[in-house]
Amino acid sequence: MTVDARWMAEALTLARTAEEAGEVPVGAVLVHDGQLIGRGWNRPIVSSDPTSHAEIHALRDAAGRLGNYRLPGTTLYVTLEPCVMCVGAMIHARVQRLVYAASEPKTGAVESRFRLLEPGLHNHRIEVQGGVLAEESATMLRAFFKARRA
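Scope of this entry: the structure provided in the associated data block. (Residues numbered from 1 in each chain as written. Predicted model: local features only at pLDDT ≥ 70, side-chain atom pairs only at ≥ 80, totals over all residues. Heavy atoms only, no water.)

Tallying secondary structure elements over the protein gives five helices and five strands in all. Mapped in sequence order, the helices and strands of the protein form the string α-β-β-α-α-β-α-β-β-α. Relative to the 2.2 N^0.38 estimate, which gives 15 Å for 150 residues, the radius of gyration of the protein is 14 Å and therefore close to what a compact globule would have. Along the three orthogonal principal directions, the C-alpha set of the protein runs to about 45 × 35 × 30 Å. In the protein, once contacts between residues fewer than 6 apart in sequence are set aside, the share between residues at least 24 apart is 56%. Summed over its atoms, the accessible surface of the protein is roughly 7,700 Å², and 53% of this surface lies on carbon and sulfur atoms. A distance of 3 Å separates the average location of the 17 positive side-chain charges in the protein from that of its 16 negative side-chain charges. (Helix = DSSP H or I, 4+ residues; strand = E, 2+ residues; numbered from the N terminus. Rg over C-alpha atoms; globule rule 2.2 N^0.38 Å. Contact = heavy atoms within 4.5 Å. Areas by Shrake-Rupley, 256 points an atom, 1.4 Å probe, with all protein chains shown as cover. Lys, Arg positive; Asp, Glu negative; His and termini not counted. Charge placed at Lys NZ, Arg CZ, Asp CG, Glu CD.)

Written out as structure tokens, the structure is:
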């Protein structure tokens, strides 16, 4: 198992936590120098907070632990391609690298719908790797929405 797959598996575990709470199953972990420094899962329904995405929680968790809103040298692993809001937060936090599992064709802001991390758009560049454990994440998301529609 690669390092990226190992951390993505951790994010998928957090996605299951979200699913158990009735939330869209998305999980995220933030890693620095091989150490987990932040984690989060979707909670907008239970918290009545539209900003309560997995990525935001992982960034807030890490920033709180480190006492700094800047998180250089970090990699964010998330089970679904981030939205516009989460991409903006990653830019402001100075995340170095983003690894995501499944693409999000409707609202993905990295490669699917919008390309907000294209070189030259911002004063900070984030490396991107998509598709890590994508099928496992996509299967979980499809099952969640199928059950919700039933």
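This part takes up the pairing of strand S1 (residues 27-32). Counting buried residues in S1 gives five out of six residues, a clear majority hidden from the surface. Examined bridge by bridge, S1 and strand S2 (residues 35-41) share six bridges and lie antiparallel to one another. Within S2, the position partnered with Val29 by the bridge is Arg39. The hairpin turn running from S1 into S2, its antiparallel successor, is two residues long, and Asp33 in that turn takes a positive phi close to 50 degrees. Of the pairings in the sheet, the one linking S1 to strand S3 (residues 74-80) comprises five bridges and is antiparallel in character. Within S3, the position partnered with Leu30 by the bridge is Leu76. (Buried < 20%, exposed > 50% of the residue type's maximum accessible area, 1.4 Å probe, protein only. Pairing = 2+ DSSP bridges.)

For the rest of this paragraph, the subject is the sheet that holds strand S5 (residues 127-130). Paired through their backbone hydrogen bonds, the strands of a sheet run either parallel or antiparallel. If you walk across this open sheet you meet the five strands as S2-S1-S3-S4-S5, and the pairing is mixed. The strands lining the two open edges of the sheet, one partner per strand, are S2 and S5. On average, adjacent strands in this sheet sit at an angle of 15 degrees to one another, irrespective of strand direction. Summarising the sheet, S3 and strand S4 (residues 97-102) pair through five bridges and their orientation is parallel. Looking across to S4, one finds that Thr75 is bridged to Arg97. In the packing of helix H5 (residues 134-149) onto the sheet, contacts are made with S3 and S4, and the angle to S4 comes to roughly 55 degrees. (Axes fitted to C-alpha atoms, helices over the stretch in contact; angles between N-to-C directions.)

Looking now at the pattern of salt bridges. Applying the stated criterion across every chain, the model contains five salt bridges. Close ionic contact of Asp4 with Arg97 constitutes a salt bridge, the shortest N to O distance being 2.7 Å. Taken as a pair, Asp4 in helix H1 (residues 3-20) and Arg97 in strand S4 lie far apart in primary sequence, 93 residues in all. Classification of Asp4 by relative accessible area gives buried; the value is 16%. (Salt bridge = Lys/Arg side-chain N within 4 Å of Asp/Glu carboxyl O.)

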